[in-house]
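Read off the chains here:
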Amino acid sequence: MSFTLPRIVAECVFNDTDTDVIFGAPEEIEVVHPRTKEKYSTCRVSVSINNAVVGYIPLPKRYLETWLELSYNVVLYYQMWELWIDEEEKTTRKSQKEKCTFLRKNTGTVVAQHTNARLMAIEELLTLSPDASTPAKESVRILDEWRIRWCRDWLSTPYAQAAKTGAKFLNADPIHPQNRAFFESDWSMDDFSKSLIYPPDDLAAWFTGEIKFLQEKFNKTLKTEALNSLKNHDAFTDTQFVPGAVLPSRWHEGQQPLPNFWLVEQWDWVAEGGFSTGQYLSYLLLTNQHLEGNSMWERPTHLLYHVLKTNPALTYREFKRVLDSIMKNVRASCDLSLVHPLATNLWMGETPWRKFAKDLLTIHLHQSLDAVPLTWDTIDPANPFNTVEARLLLQGYIRRVALVPTERRDVNDRSLWEGIARICARKYERGWIWIVREVAADKDVQRVLDMAGGWWSAREDRFAAEGNDGNQDTSDKEKDANGAADKDQGEAIFVIRRLLDTEQPVDVSQGDHDMDGNDDNAGHSDPYRQAAGADGGNKGASEEDQVMGEVENDSAASNGPQTTPPPARHDSSIEESAPPGRWQALQQYPDLVTFTQRFNEFLGHNDVDQLHSDLKAGLPTIHSSVVEEFVATMDMWLQSGKTEPPYDLAWTYFNREMAVRARKEAVEAQDQLL
C-alpha cells in the first residue's frame, strides 16, 4: 500500500497566469438526499473569481473542521513563506541570508504540499458518489489521509515507515471527534505552538488570507526559534526541500484547467434549492411539501437541461464544465474528447436538445432508451414557441453563422429547419417562418420568442374572425391571402416538410409581405428594413461617429447581409488577413498588439486553456468578458474541425475593440474642447 497524496519536495512557485480563486467560509445548508429522500444538513463552499461567485464545492458537514484546518495551514505557511522572503531581502550578512533562504525554501515546500492536498480534496469532493455521501457517514479519502499525516507529521514520511511506527493511527478514523485527542496524545509542544497550528475560532482572524497576529509572533519568537533550530539539523529540516526537485504540473486550484466547480445552477438542482435551515422551515410551513432531492447519477440530462433553462446567458465553457462534471461523476472512464463534439453540435444549433440528450444517455452513459424523457418541459399553450429547445436552436444558428463573418443569416438554413421539424407541431409552421425571419434580421432571439405567442394569437384571431381556423389544413381563403407571397414558392407553408423531403431550399424571404400575405408596411415594417436601420429621417453624423466610421464600416462590410459572398481568401498570417488600413490602426494600441501575439501563439499550440491564461496575464486592461467570449469562440472553432486559421473571427474582435477605443478617444477629445 501507499499514500495517495504525493510527497512534494519543491518550493512553491506562483505564476502571473494563475487564476486567483477565492473560497468563501463554509455555509451550512439543508438538502434532501436523492435516495433516502430525507432532509439533512451539509455544507457548501463558495468559489469566487474576479469578485464574482462562479460556483460551489459540496462539503460534508462531518469534514467542516478538517477543511478549515487544511485551509488555515495553507494560509499559515504561505504567510510564513512571504515573511521569510522579506527577511531574506532585508538581511545583509551572508550566513544569515543563507539561513533565511533555506527556511524560505522549506516553508515554500510545505505550502505546495498543503495546496496540492486541497486541490486533490476538491477534486474528490466534486465527484463524491451517493454511497460516499450518506449523511454522517461520508468518506473523503484525501481529507482523511491529509489529517492523519498532518497530525502525525508524516507529510514527507513514506507509507511503509508510517505503517511500521504508527499503524494504530492509520486504522483509526481521524475525523471522529472522539479520536482527536488520540491523534494528539504524544505531541511534544507547548500550548502556544498548539494554538498556532490550529485555526482560531474567529474566522475573521485569518480567513481573508492573512493571520492578523502572525507577523508580531514571527518577529518576537518564531524567527529566532527557527534560526536557532538550524544549529542542529533534524529529519524535518533535511527532508522538506530537495534541490533540483520539480513541482507537479498542477498542484493548486488556480492552475489550468480549473476544477469543475459546481455552477450555482448545478448546486441548486442537486441540493433541490439549497435552503438554509431557516429557509427550509419557512418553505415547509408555507407549502406543507417536502423537497424530493435530485441525483445527477440518476438524471444527468435533467441537470444539464435545468442549467440551460435557468441561465440563458450560460457560456460554452460553463456548459462544458457542467457536462464534464457529470461525466466524471456518472462515468469516470468516459473519454471526454468523444463527448465534446456532441456538446459543440448542440451549441452550434446543428443538433436539437432532445437528440443531444438521447445520444448522451444511450451512447456515452450507456443507459437504455427508457431513460430518455418523452418531454422536457411544460409547453405554454399561450406561446408554444418559447421553449429552451427553440432558444438553443436559434442561438446556435446565430453562433454558427458568426463563425464565418462574411456569411449572412440564411432563412433557409437546413440544419435550423431540421431541428425545428424535430421539436414543433406542424400546425405552427407559419409561426416558425416568422420567427426565423425575425432572427435572421438580427432581432434578439429571446425577445422574438417572447413575442411569438402574441403574434400567433393575433394571427389565429384574425383567421377565426374570417371563418378560418389557421391550422395546417389551410382553406382557400388563407391561400388567397397568401397568393402574392406564395406565387413562386409553391407550398411555402410546408417549409419544414419540403426542406426535409428535398435537397432544394424553400425561399421564405421573398417579397414585402409577411407570412400571412399582408403588406408589411400596413402596421409593421419589414424585418430586413428594420435591420438596415431605416428610421424615416436623415440625421448628420456626429463627431464621434466620424471618428469611428472607418472601423465600423469595415466591420459592417464583413458582417452584413450579402447577396453574393466574396471570394475565399487564403491568408498566411493575421497581418495579411487584415482589412485595408486595419493593421496599421491596430498598432496604436499595445494591448491589441499583445492580443494578436497571443492569438498567433494559440494557432501553434491549439490549447484554449493556455490561450485563456495568456490573455488574462497579458491583457489586464481588456474586460474579462471580452476575453471569455473570444476564448469560447476559439474553443468552438477547434471543435468544428476547421483547418483554415480563424483570422476573420479574430478581426471581428479586433475591430470591435478598436471601435470602443475610438469612441472613448472621441469623447475625451470632446471633453477637452469643452
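Located above this text is the structure these notes cover.
Anyway, here's the lowdown on the structure attached to this text. (Residues numbered from 1 in each chain as written. Predicted model: local features only at pLDDT ≥ 70, side-chain atom pairs only at ≥ 80, totals over all residues. Heavy atoms only, no water.)

## Quick word on the overall build of the chain
Okay, so step 1: Tallying secondary structure elements over the chain gives 28 helices and four strands in all.
Okay, so step 2: Looking at the 674 residues of the chain, the share that counts as buried comes to 49%.
Okay, so step 3: Long-range contacts, defined as pairs at least 24 residues apart, comprise 69% of the intrachain contacts of the chain with a sequence gap of at least 6.
Okay, so step 4: Carbon and sulfur atoms make up 50% of the accessible area of the chain, which amounts to about 33400 Å² in all. (Helix = DSSP H or I, 4+ residues; strand = E, 2+ residues; numbered from the N terminus. Buried < 20%, exposed > 50% of the residue type's maximum accessible area, 1.4 Å probe, protein only. Contact = heavy atoms within 4.5 Å. Areas by Shrake-Rupley, 256 points an atom, 1.4 Å probe, with all protein chains shown as cover.)

## Focus: the pattern of salt bridges
Okay, so step 1: Applying the stated criterion across every chain, the model contains 27 salt bridges.
Okay, so step 2: With a shortest N-O distance of 3.6 Å, Lys 90 and Glu 87 are connected by a salt bridge. A residue pair is termed a helical-turn pair when its members lie 3 or 4 positions apart in one helix, as Lys 90 and Glu 87 do in helix H1 (residues 64–90) at three residues.
Okay, so step 3: Accessibility expressed as a relative area gives 58% for Lys 90, which makes it exposed.
Okay, so step 4: Overall, the relative accessible area of 11% leaves Glu 87 in the buried class.
Okay, so step 5: One salt-bridge network, held together by shared partners, links Glu 65, Glu 69, Arg 147 and Arg 180. (Salt bridge = Lys/Arg side-chain N within 4 Å of Asp/Glu carboxyl O.)

## A closer look at the packing of aromatic side chains
Okay, so step 1: Inspection of the entire model under this criterion finds 35 aromatic pairs.
Okay, so step 2: Ring centres of Phe 182 and Phe 183 lie 5.5 Å apart, and the angle between their planes is 75°; on these two criteria the pair is classed as edge-to-face.
Okay, so step 3: Look at Phe 182 and you get partly exposed, because its relative accessible area is 28%.
Okay, so step 4: Pairwise contacts between aromatic rings join Tyr 305, Tyr 316, Phe 319, Trp 347, Trp 353, Phe 356 and Trp 376 into one cluster.
Okay, so step 5: In this structure, Arg 44 packs its charged tip against the face of Tyr 56, placed 4.2 Å from the ring centre.
Okay, so step 6: Seen from the ring of Phe 3, Arg 149 lies directly overhead, with NZ or CZ sitting 4.2 Å from the centre. (Phe/Tyr/Trp six-rings, centres within 6.5 Å; stacked < 30°, edge-to-face > 60°. Lys NZ or Arg CZ within 6 Å of the ring centre and 35° of its normal.)

## Remarks on the pairing of strand S3 (residues 39–49)
Okay, so step 1: Summarising burial for S3: ten of the eleven residues are buried, a large majority.
Okay, so step 2: Across six bridges, the pairing between strand S2 (residues 27–32) and S3 is antiparallel. Bridge pairing in S3 places Glu 27 opposite Arg 44.
Okay, so step 3: In textbook terms, the turn of a hairpin is the stretch between consecutive antiparallel strands, and for S2 and S3 this stretch comprises six residues, one of which, Lys 37, has a positive phi near 65°.
Okay, so step 4: As paired strands, S3 and strand S4 (residues 52–59) are joined by seven bridges and run antiparallel to one another. (Pairing = 2+ DSSP bridges.)

## Here we look at helix H12 (residues 316–330)
Okay, so step 1: Between its first and last C-alpha, H12 extends 21 Å over 15 residues, near the 21 Å set by a 1.5 Å rise per residue.
Okay, so step 2: With twelve of 15 residues buried, H12 is to be regarded as a mostly interior element.
Okay, so step 3: Residues of H12 that are buried include every one of Tyr 316, Arg 317, Phe 319, Lys 320, Arg 321, Val 322, Leu 323, Asp 324, Ser 325, Ile 326, Met 327 and Asn 329, and no others. (Expected span 1.5 Å × (residues − 1).)

## Some words on the packing of helix H11 (residues 300–310) against helix H14 (residues 353–364)
Okay, so step 1: The geometry of H11 relative to H14 is characterised by a closest axis approach of 10 Å and an angle of 145° between their N-to-C directions. For the element pair H11 and H14, the recorded crossing hand is right-handed. Facing H11, whose interface residues are Pro 300, Thr 301, Leu 304, Tyr 305 and Leu 308, H14 presents Trp 353, Phe 356, Ala 357, Leu 360 and Leu 361.
Okay, so step 2: Of the residues contributing to the contact of H11 with H14, the split by class is nine nonpolar, one polar and no charged. (Axes fitted to C-alpha atoms, helices over the stretch in contact; angles between N-to-C directions. Left-handed = near helix turned anticlockwise from the far one by under 90°. Nonpolar A, V, L, I, M, F, W, Y, C, P; charged D, E, K, R; others polar.)

## As for the environment of Thr 633
Okay, so step 1: As for its placement among the helices and strands, Thr 633 is situated in helix H27 (residues 624–640).
Okay, so step 2: On a C-alpha basis, the gap between Thr 633 and Leu 649 in space is 8.1 Å, while along the polypeptide they are 16 residues apart.
Okay, so step 3: The residues contacting Thr 633, other than those within four sequence positions of it, are Leu 403, Leu 649 and Tyr 653.

Functional significance is not addressed by these values, which are geometric in nature.
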